[in-house]
Amino acid sequence: MASSRSLLFSSSFLSKPSSFTSSLRRFVYLPSQTPGFLPRRHGFSTVFAVATEPAISSIEPNKKPEPSTVPLPSNNSSEKLLKIRHTCAHVMAMAVQKLFPDAKVTIGPWIDNGFYYDFDMEPLTDKDLKRIKKEMDRIISRNLPLLREEVSREEAQKRIMAINEPYKMEILDSIKEEPITVYHIGNEWWDLCAGPHVETTGKINKKAVELESVAGAYWRGDEKRQMLQRIYGTAWENEEQLKAYLHFKEEAKRRDHRRIGQDLDLFSIQDEAGGGLVFWHPKGAIVRNIIEDSWKKMHVEHGYDLIYTPHVAKADLWKISGHLDFYRENMYDQMEIEDELYQLRPMNCPYHILLYQRKRQSYRDLPIRVAELGTVYRYELSGSLHGLFRVRGFTQDDAHIFCLEDQIKDEIRGVLDLTEEILSRFGFDKYEVNLSTRPEKSVGSDDIWEKATCALKDALDDKGWSYEVDEGGGAFYGPKIDLKIEDALGRKWQCSTIQVDFNLPQRFDITYVDTNSDKKRPIMIHRAVLGSLERFFGVLIEHYAGDFPLWLSPVQVRILPVTDNQLEFCKEVSKKLKACGVRAELCHGERLPKLIRNAETQKIPLMAVVGPKEVETGTVTVRSRFGGELGTILVDDFIDKINIAVETRTAL
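Residues numbered from 1 in each chain as written. Predicted model: local features only at pLDDT ≥ 70, side-chain atom pairs only at ≥ 80, totals over all residues. Heavy atoms only, no water.

## Concerning the packing of aromatic side chains
Convention followed: Each Phe, Tyr or Trp ring (for Trp, its six-membered ring) is paired with any other whose centre lies within 6.5 Å, and the angle between the two planes then decides the class: stacked below 30 degrees, edge-to-face above 60, tilted in between. Note on conventions: DSSP H or I runs of at least 4 residues are helices, E runs of at least 2 residues are strands, and numbering of each starts at the N terminus. In our convention, an over-ring charge means Lys NZ or Arg CZ found within 6 Å of a ring centre and within 35 degrees of that ring's normal.
Applying the stated rule across the entire model yields 19 aromatic pairs. Between Y431 and W465, the ring centres sit 5.3 Å apart and the planes meet at 55°, which makes this aromatic pair tilted. In this pair, Y431 sits in strand 17 (residues 431-436) while W465 sits in the loop between helix 14 (446-463) and strand 18 (468-470), placing the two residues 34 residues apart along the sequence. Members of the aromatic cluster, each reached through a chain of ring pairs, are W280, F537, Y544 and F548. For R85, the ring lying beneath its charged end belongs to W236, and the centroid distance is 4.3 Å. The residue whose ring lies beneath R230 is Y116, and the NZ or CZ to ring-centre distance is 4.0 Å.

Okay, here's the thing in structure tokens:
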């Protein structure tokens, strides 16, 4: 990116470095070392922990601090860490019951970044968390042993009844294996548990443990049951890892798409309309249109037919597909229209099948590829809704391929190529790929499962992508490939999926005519690249921290007059930029320093400042958010450079 920029500006600007710092000083006082005008690049860390960045203004540094280089292990990579976290959950439960004797314990597992435990007790405060942490520290300092014991079911029941722990009795009833395992902390506290744990509490570094928050959680996830107090904590092997994690956590907070979406006026969830229903504001809609236009163009180039289908259908359609039998809890109530029941669609698949069935298909017609940006509606509890990541109405980038058995490999490879092309366009080039194979319960013959699974493996091998095999993790109707993208913080997001389906073609009895004029069943492939536009937009916001590259930014240029005397010329510049496809806006009515600060806060890639000299010469003085001060440029040259940068998706 830097090399492209230097080539672009070598003749007009780099030969005159003194003009860089002089241009804007004509309008506003800039000290010789003004950090707000240093060059800035998108420099994303690949390690899991990233240092925080202060809020950006025209006076504050635009350069990010060095990210933490402390590698953070995971539960999968470090058995020691997993044991520490599991033991921390037990230590925390012991501490809670020492401080709050009436608290009833439920479950306390390890999770990705730490642990939690659920308690039936009165609501907790931040002050309570501090008390609990101090008690945990005392327990850790006592270096108490973790002792494993095997008991009979009857003995376990006897002990649970003796301490009056009803939730533990319910957990015991759900355990099918025997003997029952119990872990003790010294001789003071015990829990039903399969392990593993550290040998003694002293193996935990108390300075690498922190209690983070309290949340409400229904017992067994059932909203009709008791609301519990869930305490979340994080635990690491040493203090350095904890500090790196806290840096990562702060950076993730700074990038939170919900806050950025509000600050940059991109989207909202309106209470009057209902939770989980997204309103795309004008600026957010611009980014969505760019995503959609790119998606459509690339799909057409890859041989897909674009379609549109209804948002509702007769309930009978969902009976045929099996959704009413297996997916009803995720569907909204049916509505009656002229004595017939209709259903909001939770998925697009049946509609695409109906289009396939609209006429007789021949083997010569296959493969048939249809794609749709189709909005679906799924029931979610209000407590599970989360910004753009968990909503009730969303638009899937859905597509289905109908093909012959011997076409599966080539079609899957084509999907992988398209997936890479689309994701890399938006800045994602690191993936985690998983291949899930046949589960115990499934439909379809052994032969077709073997052929489909081999085709998926061969396509991945041809692509040269490394992948993990999840044995038995496939859907009941076919094997699948799942792809997670890695963002700027090293977090992985499930987006793309490719699923072979032997079930729906049979349910809908779809066929094609083979070379002998016999009817045969085609193979159906479901696939999504982005997952949903809402979720992908949320990931994009957090990946770029709202600092979208020039080609993707909803506003590419903000025109700033020094005084209102330049307003008419600025209007002409704005009109010319828009006519040439540049997304520009004019802002005035404030002092120039404030206009500049506002543009920085709104993360506008380019500022075009206009004073008397610019009006006289037909130029603008340009300041790039990513490239620093670019000097004074003729308006036509400015437009050309923007269009080149957008075309090549580089910074200016």
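## Topic: the sheet that holds strand 12 (residues 312-314)
For clarity, the threshold we go by: The rule for pairing is simple: two strands pair if DSSP sees at least two bridges between them. Angles run from 0 to 180 degrees between N-to-C directions of axes, and those axes are lines fitted to C-alpha atoms, restricted for helices to the stretch in contact.
Sheet architecture is open: three strands sit in the order 12-14-13, paired in antiparallel fashion. Two strands in the sheet have a free side with no partner beyond their single neighbour: strand 12 and strand 13 (335-337). The sheet shows a mean angle of 40° between the axes of neighbouring strands, direction not considered. For strand 12 and strand 14 (residues 340-344), the ladder comprises three bridges, and the chain directions are antiparallel. Following the sheet pairing, V312 is matched in strand 14 by L344.

## What to know about the side chain of H400
Selection rule: By the criterion applied in these results, polar contacts are pairs of N or O atoms within 3.5 Å in which, for protein atoms, one can donate a hydrogen and the other can accept it, and in which residues neighboring in sequence qualify only through two side-chain atoms.
With respect to the secondary-structure elements, H400 resides in strand 16 (residues 393-403). At a separation of 2.7 Å, a polar atom in the side chain of H400 contacts the side chain of H352.

## Thoughts on the side chain of H86
We count it as follows: Between buried and exposed lies partly exposed: a residue is buried under 20% and exposed over 50% of the maximum accessible area for its type, with that area taken using a 1.4 Å probe on protein chains only. Should any heavy atoms of two residues lie within 4.5 Å, those residues are counted as being in contact.
Mapped onto the secondary structure, H86 falls in helix 3 (residues 79-99). Since its relative accessible area comes to 6%, H86 is described here as buried. Setting aside its immediate chain neighbours within four residues, H86 contacts G108, W110, C193, G195, P196 and H197.

## Observations regarding the packing of helix 13 (residues 408-425) against helix 14
To be explicit about the condition: Oblique is the label for any angle not under 35 degrees, not over 145, and not in the 65 to 115 range, which are roughly parallel, roughly antiparallel and roughly perpendicular in turn. Should the near helix be turned anticlockwise from the far one by less than a right angle, the crossing is termed left-handed; should it be turned clockwise, right-handed.
In contact at an axis separation of 8 Å, helix 13 and helix 14 are set at 45° when each is read in the N-to-C sense. It follows that helix 13 is oblique to helix 14 by the angle criterion. At the point where helix 13 passes helix 14, the crossing takes the right-handed sense. Counting all contacts with helix 13, which are made through I408, K409, I412, R413, L416, D417 and E420, the residues of helix 14 involved are A452, A455, L456, D458, A459, L460, D462 and K463.

## Topic: the environment of L489
Tracing the backbone through its elements, the reader meets L489 in the loop between strand 19 (480-486) and strand 20 (492-501). Take L489: its relative accessible area is 0%, and that puts it in the buried class. Distance from L489 to K249, taken between C-alpha atoms, is 9.8 Å for residues 240 residues apart in sequence.

## So, the pairing of strand 26 (residues 606-610)
Counting buried residues along strand 26, five of its five residues qualify, which places the element largely inside the surrounding structure. Side chains L606, A608 and V610 project from strand 26 onto one buried face, and the interleaved M607 and V609 project onto a second face that is buried too. Here strand 26 pairs with strand 27 (residues 619-624) via four bridges, running antiparallel. Of the residues in strand 27, the one forming a bridge with A608 is V622.

## What to know about the packing of helix 9 (residues 282-301) against helix 13
We apply this condition: In the scheme used here, Gly and all other residues not listed as nonpolar or charged are polar, with Ala, Val, Leu, Ile, Met, Phe, Trp, Tyr, Cys and Pro taken as nonpolar and Asp, Glu, Lys and Arg as charged.
In the contact formed by helix 9 and helix 13, the axes pass within 11 Å of each other and the chain directions differ by 155°. Our classification of the angle between helix 9 and helix 13 gives roughly antiparallel. Crossing hand, helix 9 versus helix 13: right-handed. Contact with helix 9, carried on its side by S294, W295, M298, H299 and E301, involves L418, E421, I422 and R425 of helix 13 and no other residues of that element. Split by residue class, the contact of helix 9 with helix 13 holds four nonpolar, two polar and three charged.

## Digging into the pattern of salt bridges
To keep it simple, the criterion reads: Salt bridge, as applied in this entry: a Lys or Arg side-chain nitrogen positioned within 4 Å of an Asp or Glu carboxyl oxygen.
Counting across every chain of the model gives 48 salt bridges. E188 is paired through a salt bridge with K98; the nearest N and O atoms lie 3.4 Å apart. Here K98 lies in helix 3 and E188 lies in the loop between strand 5 (180-185) and strand 6 (189-192), a separation of 90 residues in the sequence. With relative accessibility at 35%, the residue E188 sits in the partly exposed group. Here K98 falls in the partly exposed class, since its relative accessible area comes to 39%. Note that D118 and R230 form a salt bridge whose closest N and O atoms lie 2.7 Å from each other.

## Considerations on empty space enclosed by the protein
Cut-off, in case you're wondering: Of the two site types, the cavity is a set of points on a 1 Å grid over the protein atoms alone where a 1.4 Å probe fits but cannot get out, and the pocket is an open set with protein on both sides within 12 Å along at least five of seven lines, each lined by residues with an atom within 4 Å of a point. Grid points are joined across faces, edges and corners, and a volume is the space filled by probe spheres set on the points.
By the definition in use, this model includes three cavities of 30 Å³ or more. Roughly 80 Å³ of internal volume is contained in the largest cavity. For the largest cavity, the full set of lining residues is L264, L266, K283, G546, F548, S553, P554, V555, Q602, K603 and I604. Taken together, the residues that form the lining of the largest cavity break down as six nonpolar, three polar and two charged.

## Brief notes about helix 6 (residues 166-174)
One turn of an α-helix holds 3.6 residues; hence residues three or four places apart share an orientation. Along helix 6, the residues that are buried comprise Y167, K168, M169, I171 and L172. In this fold, the buried residues of helix 6 make contact with strand 1 (104-105), strand 3 (114-120), helix 5 (153-163), strand 5, strand 6 and strand 8 (227-235).

## A look at the layout of surface pockets
Condition: As used throughout, domain bounds are those supplied by an automatic or database domain assignment.
Considered as a void within the structure, the largest pocket measures approximately 2300 Å³ in volume. Along its surface, the largest pocket is lined by 48 residues, and I111, D112, N113, Y245 and R491 are the ones closest to its centre. Examining the composition of the lining of the largest pocket, we find that seven residues originate from one element, helix 7 (residues 239-254), more than from any other. Of the residues in the lining of the largest pocket, the class split is 18 nonpolar, 14 polar and 16 charged. Counting only domains with at least three residues in the lining of the largest pocket, you end up with domain 1 (75-252) and domain 2 (287-383 + 396-533). Here the second largest pocket defines a volume of roughly 1000 Å³. Y327, M347, R378, Q396 and Q499 are, among the 38 residues lining the second largest pocket, the residues nearest its centre. If you list the elements that add at least two residues to the lining of the second largest pocket, you get helix 11 (323-326), strand 16, strand 19, strand 20, helix 15 (504-507), strand 23 (523-532) and helix 16 (533-544). Top contributing element to the lining of the second largest pocket by residue count: strand 23, with six residues. For the lining of the second largest pocket, the per-class residue count stands at 14 nonpolar, 13 polar and 11 charged.

## Remarks on the sheet that holds strand 23
With mixed pairing, eight strands are arranged side by side in an open sheet as 11-15-16-23-20-19-17-18. For this open sheet the edge positions go to strand 11 (305-306) and strand 18, each flanked by a neighbour on one side alone.

## Quick look at the confidence of the model for the protein chain
So the rule is basically this: What pLDDT expresses is the predictor's confidence in each residue, scored from 0 to 100.
Summarising the model, the protein chain shows a mean pLDDT of 88, and 90% of its residues fall at 70 or more. Scored below 50 in pLDDT, residues 28-67 shows 106 contacts in the model against residues more than four places distant or in partner chains.

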